[in-house]
Amino acid sequence: MNNTPLYFEDVEFGDDIGPIIKEVSDQAVIDFVSIREPESEPSRFTSKEVAQSQGLPEAIVPGAMNIALMSQLLTGWSDNVSLLKLDVVFRKTVPHNTPLKFSGIITDKDESGSNNLECDITMENEEGVKLVIGNALIHLPNRP
Amino acid sequence: MLLDLHTHSTASDDSRASIEQYIKWIHILRKKGNEIDGFVVTDHRQFDHDVNYESVSKENGITILKGAELDTDTGHFLVYGITEKITSIINFADVTMSAQKLVDVCDTYGAIAFPAHPGRAGIGFAHYLDNGVKGFETVKTAELLNGSNRPGEGEKAEELIQSKGYNATGGSDAHIVSAIGTCMTLFESNITNETELVTALRSGSFEAVRMDKK
């Protein structure tokens, strides 16, 4: 997202992270699931039919993959950012093949020397409905 | 006076925002020129009589009051003016509690209960009325603006409020820090405690507003 290094001094309360738009393809989900289970059976994550048999409208993105996508918003923000903690709440299921907007906002800045920053993060669908929300603790170095 | 009537702290299992973080964020909002005088903590299915925000409110110049958001047999209800008498009668953790009983008990003991996000599918009051639920004659208020509303939910809430002639409140339904104040209620009177909040809510002298973020 941004290859320019950011430093702790560059960031203020209320600064935006992103947004970035991503779409998760069927194949991307299959690839993600097959890392853990190379010979996995069709599931609610990879098969519309299985998903519908479980009461879902369509195949959904696995929770762990959603967390990975949320973390990419932060780790892609700057080359020198470190992600220390990520805590998310799943509010709605995340479908495949639809644009997802990832955004964050800096909500706290620890000036006591830790160089840690807190931020809110959200994943929204095209209608602005928040599918996943959470917060994160990140770290930026001082400007050399 | 501008109060966000619907916020969740980390006491709610689905919230990631602490009271301290909300306070810091409100200071930032004010520095940027936004108006917000305070908020009411309405955690899910609980109320802690021992928590007191009076000193932290004074220190920060932010009115912080307590309420609750309860699951009922007729959707989610916001409750303000909660007393020990009320929590001795109503089990706040009971997700199948009678909303009519909740409203009646609140009416009797100086509190107020009304529907939260009434247009929300599954947990919104309007859908229960559509399905034939009757009663609730003493309910005169409902949440119109909710910061977490999904498409169609605000319209459904507005339809209910107009058809019933309800007074309309606003609240962010914040579960993360930066969401606080996105929707609020503008009161004509100054409010410093939960009793005054109930009086103001029963007076009908307020309106739901959105924060036009600067």
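Every value quoted in this text rests on a predicted model; they were computed, and no experiment measured them.

## Looking at the domain arrangement of chain A
Residue and element names in this part refer to chain A.
Then comes step 1: Each assigned domain of chain A is listed here: domain 1 (1-24 + 61-144) and domain 2 (25-59).
Then comes step 2: With centres defined by C-alpha atoms, the gap from domain 1 to domain 2 works out at 26 Å.
Then comes step 3: Of the roughly 870 Å² buried between domain 1 and domain 2, counting both surfaces, carbon and sulfur atoms make up 69%.
Then comes step 4: A per-residue breakdown of the area domain 1 buries against domain 2 is headed by Pro62, Met65 and His96, which together make up 55% of the total.
Then comes step 5: Linking domain 1 to domain 2 there are 0 salt bridges.
Then comes step 6: Across the domain 1-domain 2 interface, the total number found is 3 residue pairs in polar contact (both at pLDDT 80 or more).

## Brief notes about helix H1 (residues 19-31) of chain B
Then comes step 1: The terminal C-alpha atoms of H1(B), which comprises 13 residues, lie 19 Å apart, in line with the 18 Å expected from a rise of 1.5 Å per residue.
Then comes step 2: Within H1(B) the residues assigned to the buried category are B:Ile19, B:Gln21, B:Tyr22, B:Ile23, B:Trp25, B:Ile26, B:Ile28 and B:Leu29.
Then comes step 3: Where H1(B) is buried, its residues contact strand S3 (99-109) and strand S4 (116-124) of chain A together with strand S1 (2-7), strand S2 (38-41), helix H2 (54-60) and strand S3 (63-72) of chain B.
Then comes step 4: Among the residues trailing H1(B), B:Gly33 stands out with phi positive, at a value near 100 degrees.

The rules behind these values
- Residues numbered from 1 in each chain as written.
- Chains lettered and ligands numbered in written order.
- Predicted model: local features only at pLDDT ≥ 70, side-chain atom pairs only at ≥ 80, totals over all residues.
- Heavy atoms only, no water.
- Domains from an automatic or database assignment.
- Buried area = accessible area lost by both parts, 1.4 Å probe.
- Salt bridge = Lys/Arg side-chain N within 4 Å of Asp/Glu carboxyl O.
- Polar contact = N/O pair within 3.5 Å; in protein donor to acceptor, adjacent residues only side chain to side chain.
- Helix = DSSP H or I, 4+ residues; strand = E, 2+ residues; numbered from the N terminus.
- Expected span 1.5 Å × (residues − 1).
- Buried < 20%, exposed > 50% of the residue type's maximum accessible area, 1.4 Å probe, protein only.
- Contact = heavy atoms within 4.5 Å.

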